[in-house]
Number of protein chains: 2
Amino acid sequence: MNFPQPLVTVDAVLLTLRESGLEVALHQRDREPLQSAMALPGGVVHANEDTSTEDSIRRVLRDKTGFEPRYLEQLQVFSGRDRDPRGWSMSVAYVALVPAAELEAATRAEFRFVSVDALPPLAFDHADIITAAVDRLRSKSTYSTLPFFLLPERFTLTQLQHTYEAILQTRLEKSNFRRKMEAWGALEATDEVVGGAQRPARLYRLKDFTFFDRSVG
Amino acid sequence: MNFPQPLVTVDAVLLTLRESGLEVALHQRDREPLQSAMALPGGVVHANEDTSTEDSIRRVLRDKTGFEPRYLEQLQVFSGRDRDPRGWSMSVAYVALVPAAELEAATRAEFRFVSVDALPPLAFDHADIITAAVDRLRSKSTYSTLPFFLLPERFTLTQLQHTYEAILQTRLEKSNFRRKMEAWGALEATDEVVGGAQRPARLYRLKDFTFFDRSVG
């Protein structure tokens, strides 16, 4: 009953919103296999110290980036005998949504931010993992408050709309978008405003994290 | 760089629609650990023969049930040091949707069908896995054609509506439901009808497998 067991790793797709739209944080591998190739931050599960694979990815991110994402979701397992030169392996892949400023301020590692629509050659099957993560985000964003996690904790309605537009790759009609956001009941106005006296914009925050089966568009 | 590696297993939540509503296929474990406990069908990944974890679960289902489900989706990984007495382990869990007649006709194993709302005590964390699978199905069913896979390949619109109602645990208004199904464009009428000459009902089939971000209710 003893079968050869897979090598088990965890990898994180850190997605953030920057100038070019949706970008992913990559780093250059500093060890074999595939040393110096661009890759997702990740590592091997340590069964002696991690309490779960989610604990593993949080440890890896803490060690490699110095911060913990507010939103971390398990994506799926990628597995097989050919994806890693070390042999039969599996990666439990996670997606994290991170406000750009937060990631840039906290990172210890040298990250390179790359548009998800123009990926360079990547180690292992990491390009497939990123594609699956972006598909998941885009599909969930049509009916959920997921995009809020790409914003700072307080944001204007214009920032929120631009975030949805960047993810969904479409323009949304302003009054329609605001009416839907209001109908969701997920937004809470704060006392703060930003901008000049002439065109002040109120700051909002997310009340709860809830999914909605309604279209945003 | 050698860390103790997890034991990697795969498990399947076989969901089907029967008298009581949504039911899951369980079997009695025939070996240690937890011999004779009720559990999901599953097994250990064989890195020497399986090409991926999806290949592993297909092998396990073939061996234990004698059939391959039309719809099989990766659910998520459950992991940790306490979930299996053999030590740190992880299960890559899958959901399969199976028409009841198909599963009953093909199964080699002795399955017991149990309502997902009245689970008996189960081995490992299999109750948590089933809960996650049912949540996933219910949530996706509000905006997708997923419930079609619980039906035979040809079905009446009344059967389709009852399937959605059983999953969503709500009554749907008939003409509204039919209008939405038509708007989705996923149904294809066949030449066949069932029922008597007085109230014949046309049989339909699913054109494609597509997700929609629209509410069914």
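An unreviewed UniProt entry lists chain A under the name Nudix hydrolase domain-containing protein, with Achromobacter animicus given as the organism.

(A) Layout of the overall build of chain A. Of regular secondary structure, chain A possesses five helices and nine strands. Listing every helix and strand of chain A by position from the N terminus yields β-β-β-β-α-β-β-α-β-α-α-α-β-β. In terms of its C-alpha atoms, chain A occupies a principal-axis envelope of roughly 65 × 35 × 35 Å. Expressed as a percentage of its 217 residues, the buried residues of chain A come to 55%. Residue pairs at least 24 apart in sequence account for 64% of intrachain contacts in chain A once pairs closer than 6 positions are excluded. Averaging the positions of the 27 positive and the 30 negative side-chain charges in chain A gives two centres separated by 4 Å.

(B) How the structure looks around the side chain of B:Thr9. Residue and element names in this part refer to chain B. Mapped onto the elements of the fold, Thr9 is located in strand β1 (residues 7-18). Here Thr9 falls in the buried class, since its relative accessible area comes to 8%. What Thr9 contacts, discounting residues up to four positions off in sequence, is Gly43, Val44, Val45, Met90, Ser91 and Val92.

(C) Here's a closer look at the pattern of salt bridges. According to the stated counting rule, one finds 32 salt bridges over all chains in the structure shown. A salt bridge links A:Glu73 to A:Arg136; its shortest N-O distance comes to 2.4 Å. Highlighted residues: A:Glu73 in strand β5 (residues 71-80) and A:Arg136 in helix α3 (residues 126-141), separated in sequence by 63 residues. Close ionic contact of B:Asp117 with B:Arg138 constitutes a salt bridge, the shortest N to O distance being 4.0 Å. Here B:Asp117, found in the loop between β7 (112-115) and α3 (126-141), pairs with B:Arg138, found in helix α3; they are 21 residues apart in sequence, far enough to count as distant. Given a relative accessible area of 18%, B:Arg138 falls into the buried group. Salt bridges here are not isolated pairs; linked through shared partners, they connect A:Arg18, A:Glu19, A:Glu23 and A:Glu104.

(D) Region of interest: the interface of chain B and chain A. On the chain A side, the residues contacting the 32 residues of chain B number 32 residues. Counting each side, the surface lost to burial between chain B and chain A is near 2,900 Å², with a carbon and sulfur contribution of 57%. Viewed at the interface, chain A and chain B are joined by zero salt bridges. Linking chain B with chain A are twelve residue pairs in polar contact (both at pLDDT 80 or more). Among the secondary structure elements, those contributing two or more residues to the side of chain B that touches chain A are β1, β5 (71-80) and β6 (89-97) of chain B. Residue contributions to the side of chain B that touches chain A peak at five residues, all from β5(B).

(E) Structural context of the confidence of the model for chain A. All names here are of chain A. When the pLDDT values of chain A are averaged, the result is 89; 93% of them are 70 or greater. Of all secondary-structure elements in chain A, the lowest mean pLDDT belongs to helix α2 (residues 100-106), at 82, while strand β6 (residues 89-97) reaches the highest, 97. A low-confidence stretch, residues 210-217 (pLDDT under 50), is modelled with 30 contacts involving residues beyond four sequence positions or located in other chains. Scoring of the predicted complex yields 0.88 for pTM and 0.85 for ipTM.

(F) Broad picture of the relation of the copies chain B and chain A. Once turned by 180 degrees and shifted 0.0 Å along the axis, chain B lies on chain A with an RMSD of 0.0 Å. The symmetry that links the two subunits is that of a two-fold axis. Here 100% of the interface residues in chain B have copies in chain A that are interface residues too; the copies meet face to matching face.

(G) The arrangement of the packing of α3(A) against helix α4 (residues 157-168) of chain A in detail. All names here are of chain A. Direction vectors running N to C along α3 and α4 enclose 130 degrees, while the axes themselves pass 9 Å from each other. Taken together, α3 and α4 sit at an angle that is classed as oblique. For the element pair α3 and α4, the recorded crossing hand is left-handed. Residues Leu137, Arg138 and Ser141 of α3 form the contact with α4, whose own contacting residues are Tyr164, Ala166, Ile167 and Leu168.

(H) Here's a closer look at the nonpolar core. Within the largest apolar cluster, 43 residues are counted, with the highest numbers of intra-cluster contacts made by A:Leu14 and B:Leu14. Broken down by secondary-structure element, the contributors of at least two residues to this core are β1 (7-18), α1 (53-65), β5 and β6 of chain A together with β1, α1 (53-65), β5 and β6 of chain B. Not counting chain neighbours up to four residues away, the residues in contact with B:Leu14 comprise B:Glu23, B:Val24, B:Ala25, B:Pro41, B:Leu61, B:Ala96, B:Val98, B:Leu103 and B:Phe111. Listed in part, the 27 residues of the second largest apolar core include A:Leu22, A:Leu26, A:Phe149 and A:Ile167.

Reading the values: rules and limits
Residue indices begin from 1 for each chain and proceed along its sequence in written order. To read the labels, note that chains go from A and ligands from 1, taken in the order they are written. Side-chain atom pairs in this predicted model are given and counted only at pLDDT of 80 or more, local residue features only at pLDDT of at least 70, and totals for whole chains, interfaces and linings cover all residues. By convention in this description, side-chain values take in all heavy atoms of the structure and omit both hydrogens and water. Numbering of helices and strands runs from the N terminus, with a helix taken as a DSSP run of H or I at least four residues long and a strand as a DSSP run of E at least two residues long. Type-normalised accessible area, obtained with a 1.4 Å probe on protein chains alone, sets the label of each residue: buried when under 20%, exposed when over 50%, and partly exposed for intermediate values. By the convention used here, residues are in contact when the closest approach between their heavy atoms is within 4.5 Å. By the counting rule applied here, Lys and Arg register as positive and Asp and Glu as negative, while His and the ends of each chain are not counted. All charge positions are set by atom: Lys at NZ, Arg at CZ, Asp at CG, Glu at CD. Between Lys or Arg on one side and Asp or Glu on the other, a salt bridge is scored when a side-chain nitrogen of the former is within 4 Å of a carboxyl oxygen of the latter. Defined here as a combined quantity, buried area equals the accessible surface (1.4 Å probe) lost by two parts on assembly, summed across both. Pairs of N or O atoms are called polar contacts if they sit within 3.5 Å, as long as, within protein, a hydrogen donor faces a hydrogen acceptor (for residues adjacent in sequence, only side-chain-to-side-chain pairs). Each residue carries a pLDDT score, the predictor's own confidence in it, on a scale running from 0 to 100. When the copies are overlaid, the least-squares fit takes in C-alpha atoms only where the residue has pLDDT of at least 70 in both copies. Lines are fitted to the C-alpha atoms to define the axes, a helix being fitted only along its stretch in contact, and any angle between axes, read from their N-to-C directions, falls within 0 to 180 degrees. When describing relative orientation, an angle under 35 degrees is termed roughly parallel and one over 145 degrees roughly antiparallel, while 65 to 115 degrees is termed roughly perpendicular and anything else oblique. Crossings are sorted by hand: turned counterclockwise from the far helix by less than a right angle, the near helix makes the crossing left-handed, and turned clockwise it makes it right-handed. Among the buried residues, those of types Ala, Val, Leu, Ile, Met, Phe, Trp, Tyr and Cys that are joined through side-chain atoms within 4.5 Å form a nonpolar core.

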